[in-house]
Amino acid sequence: MEMDFERCYRAVDSRDQRFDGWFYTGVTSTGIYCRPSCPAITPKRQNVRFFPSAAAAQGAGLRACRRCRPDAAPGSPLWDVRADVVGRAMRLIADGVVDRDGVPGLASRLGYTERHLHRMLSAEMGAGPLALARAQRAQTARILIETTDLAMAEIAFAAGFGSVRQFNDTLREVYASAPSDLRAARGRQQAPAGAGTIALRLAYRPPLHARALLDFLAVRALPGVDEVRDGTYRRGLRLPHGTGQVALTPAHGHVAATLQLADLRDLAPAVARCRRLLDLDADPTAIDATLATDPALAPAITAEPGIRVPRAVDGFEQAVRAIIGQQVSVTSARTTLTRLLTAHAHVDHEVVATGDGVSGQQLHDQRGGPEGGALRGFLGAGELLALPDSGFGMPVGRREALRGLARAVVDGSVDLAPGVDREDAVRRLLALPGIGPWTANYLAMRAFGDPDILLSSDLAVRRGAAALGLPDTPPTLDRYAERWRPWRSYATIRLWRAA
C-alpha cells in the first residue's frame, strides 16, 4: 500500500483523528508507533515512517504508544468496504479465522495458496497473515489484562496464543512491558463483575448518528434475541466457541460495550461483529461529502450527519430475516419471526425436558448465554431444519425457501461469513428457490457490507425518493442514483428515513 508522505505528515501535524486507522506513524527516534491524532509533539520529518497496519509497524521493531493506544483506533474503512481478496482476508482475520483454523484455513476459505496470500497481504498491509493475527492477539490480550482479573495463563490461551512464553514475548515486544506491568498500570480500577464479563470502548470516526442506528434496530428487535432500552442496544450472540451477550451504548467518541462471553476465546470475533453491526469502521465524512453533492440529499445530511448502515452479527440470521421480510411490512415480518423463535424455544423445551442426548454445554447454549442470561443468539441453520412444518407459520413457498437456505448453509454451498466473495455469494443466493434480487441485494448490503447497493424496487425506498422529489420508479431511480456511487447503501438508509 503506497502512502503519500506529505499528506500523511500533514494529518499527523494537525492531529486529524479522521485518519486514525487509515495508517500508523512510526517514530524511529523513540521506537514507538502512534495513531495520527496522537497528542504528543509532532516528530521531525526525518524521524517518521508511515505504515499501513499495526502489524507492519511491529515488524519494523516499533512498540505501541502508551499515550494514544494505536491498537484501539477504528479499523481502516478501506479494508472494511473493499471486496477484493485483501479486504476479505482482513475481515476474516478480524473474525479470528487464523486463530481457529490457522493460515491454511484462511487461505482455503479465500481460494488461494498460503504463499500467494502472504504475498498479497505483505504488499498491501506490510505484514503477512500470521503477523496480522499476532497483532490482533496482542490487542485482545491487553484488553483482557486490563478488564479482567484472570490469571495470565488463562489470558494467554483465551487471546489465541499457543503458549504462555509466546504471550509474554509478544506483549513485551509490542508494548515494551511485561503483562504484569500492564495490569499494574490499571491501578485501582476494578474489573467488571461476573465471570466472562468484559467492558471496553469501541472507537469510531465521528460523526455518528446514534439515534438512527438505535431506531433502525429497535423496530426490528425480536423477543429473546435483541432489544433497545434506555439508549442501549442489547443482544445475544452465537460465537465460534460458545454463546454471549453484548450491551452497546453510543457515547461521545466511542461506543461503550459490555460483553458476557461463555468462552473468552470469542472476544476478538465478538468485538469484530459488534463493530460490523454498528458500521463503526466507516468514514462518514467521505460518505456524506459525496452524497451531499446531490441537492436532494444535502439538507438531510446537514441535519443528520454520520448515518451508518446497520449490518449484522450473523449472516444466517440476517438471511432468515430478509426472506421473511420479502414484500411484507417490518411489523408483519417481526410477528412471523417471533412466532418462529417461539416454536424453536418450544422444541428446545421438549428436548431438555426429555433429556434425550442433551449435553451440559448444549443445555447452557439453549438457555441463551452465560449465567442463564435473558438474551440469546438467533437460531442456527441446523435448528431451523429441525422445526416441524407447524413451527413456521407462513406460506409453504416461504417455508421451503428458508429450509433451502438452511440446507445450503449446512452443506457449505452458500457461505454467509463476513469475508465471503460478495458477487459469488449473491449468485449462489439467487440460485436458491424463493430468493430474488431484493433479498440477495439486501443481504449484500447488511450481511456482506457492500457499501454500494441501492434497493430501488423497495417500496419504502421509493416512498422516500418521492418525498425528496426524486424519481420513484426503479429504472429511473437506478439511473439517477449513479451520482451516489460508491455509497448507494448509505443513500438507501437515508431514503428509508425520508419515508
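Above this text sits the structure in question.
The shown structure was predicted, so the numbers you read here are calculated from the model rather than taken from an experiment. (Residues numbered from 1 in each chain as written. Predicted model: local features only at pLDDT ≥ 70, side-chain atom pairs only at ≥ 80, totals over all residues. Heavy atoms only, no water.)

1. Topic: the sheet that holds strand β6 (residues 226-229)
Basically, it comes down to this: Being paired, for any two strands, means DSSP has found at least two bridges between them. Numbering of helices and strands runs from the N terminus; a helix is a DSSP stretch of H or I covering at least four residues, while a strand is a stretch of E covering at least two. Every angle, taken between N-to-C directions, lies between 0 and 180 degrees, and every axis is a line fitted to C-alpha atoms, over only the stretch in contact when it is a helix.
Strand order across the open sheet formed by five strands is β5-β9-β8-β7-β6, with antiparallel pairing between neighbours. The strands lining the two open edges of the sheet, one partner per strand, are β5 (197-203) and β6. On average, each strand axis in the sheet is tilted by 20 degrees relative to the strand beside it, whichever way the strands run. Looking at chain direction, strand β8 (residues 242-251) and strand β9 (residues 254-261) are connected through eight bridges and run antiparallel. Bridge assignment links proline 250 to a residue of β9, and that residue is valine 255.

2. A closer look at the packing of aromatic side chains
As a reminder, the rule being used: Two rings from Phe, Tyr or Trp (for Trp, the six-membered ring) form a pair when their centres are within 6.5 Å of each other. A pair whose planes differ by under 30 degrees is stacked, one over 60 is edge-to-face, and the rest are tilted. Burial classes: relative accessible area under 20% of the type maximum marks a residue as buried, over 50% as exposed, and values in between as partly exposed (1.4 Å probe, protein chains only). Charge over a ring is defined by NZ of Lys or CZ of Arg lying within 6 Å of the ring centre and within 35 degrees of the ring normal.
What the rule picks out here adds up to 11 aromatic pairs. With a centroid separation of 6.3 Å and 50 degrees between ring planes, the pair formed by phenylalanine 19 and phenylalanine 23 is classed as tilted. Of the two residues, phenylalanine 19 and phenylalanine 23, neither departs from the other in class, the shared state being buried. With 4.9 Å between their ring centres and 15 degrees between their planes, tryptophan 438 and tyrosine 442 make a pair best called stacked. With a gap of four residues between them, tryptophan 438 and tyrosine 442 both fall in helix α21 (residues 437-446), about one helical turn apart. Ring pairs connect the aromatic residues Phe5, Tyr9, Phe19, Phe23 and Phe50, which therefore count as one cluster. One residue, arginine 137, lies across the ring of phenylalanine 161, its end atom 5.7 Å from the ring centre.

3. Description of helix α6 (residues 114-125)
Operational definition: Helix span, as expected, comes to 1.5 Å for every residue beyond the first. Here the arc refers to the set of directions running from the helix axis out to each C-beta atom. Note on contacts: a residue pair is in contact if any heavy atoms of the two residues lie within 4.5 Å.
With 12 residues, α6 should cover 16 Å at 1.5 Å per step; its first-to-last C-alpha distance of 16 Å lies within 8% of that length. Inspection of α6 places Leu117, Met120, Leu121 and Met125 among the buried residues, and these make up the whole buried set. The buried residues of α6 occupy an angular sector of 100 degrees when the element is viewed end-on, so they sit on one face. Among the exposed residues of α6, those pointing more than 90 degrees away from its buried face are Arg115 and Ala123. For α6, the elements touching its buried residues are α2 (54-59), α3 (77-81), α4 (85-94), α5 (97-110) and α7 (129-147).

4. Here's the deal with the sheet that holds strand β2 (residues 32-34)
Spatially, β3-β1-β2-β4 is the arrangement adopted by the four strands of the open sheet, whose pairing is mixed. Looking at the sheet topology across the chains shown, the edges are occupied by β3 (48-51) and β4 (63-64). Sheet topology note: the β2/β4 ladder contains two bridges and is parallel. Looking at β4, one finds that isoleucine 32 is bridged to arginine 63. Sheet strands in contact with helix α1 (residues 5-13) are β1 (24-27) and β3, and its direction is about 100 degrees off that of β3.

5. Some details on the nonpolar core
Definition in use: Here, the term nonpolar core denotes a set of buried Ala, Val, Leu, Ile, Met, Phe, Trp, Tyr and Cys residues that are joined through side-chain atoms within 4.5 Å.
Judged by nonpolar contacts, the single largest core of 116 residues is most densely connected at Leu248, Leu259, Val320, Leu429 and Trp484. The leading source of residues in this core is helix α15 (residues 315-324), at six residues. Not counting chain neighbours up to four residues away, the residues in contact with leucine 248 comprise Leu202, Gly231, Thr232, Tyr233, Val255, Ala256, Ala257, Cys274, Leu277 and Leu278. Counting residues in hydrophobic clusters, the runner-up holds 22 residues, among them Ala55, Val86, Leu121 and Ala133.

6. Examining the pattern of salt bridges
Rules: One side-chain nitrogen of Lys or Arg within 4 Å of one carboxyl oxygen of Asp or Glu is enough to make a salt bridge.
Applying the stated criterion to the full structure yields 34 salt bridges. A salt bridge links glutamate 400 to arginine 403; its shortest N-O distance comes to 3.2 Å. Separated by three residues within a single helix, glutamate 400 and arginine 403 lie in helix α19 (residues 396-411), roughly one turn from each other. When its relative accessible area of 30% is taken as the criterion, glutamate 400 is described as partly exposed. Overall, arginine 403 belongs to the buried group, its relative accessible area being 12%. The closest approach of N and O atoms between arginine 488 and glutamate 482, which form a salt bridge, is 3.8 Å. With relative accessibility at 42%, the residue glutamate 482 sits in the partly exposed group. Taken together, the salt bridges that share partners define one network made up of Arg69, Asp71, Arg142 and Glu146.

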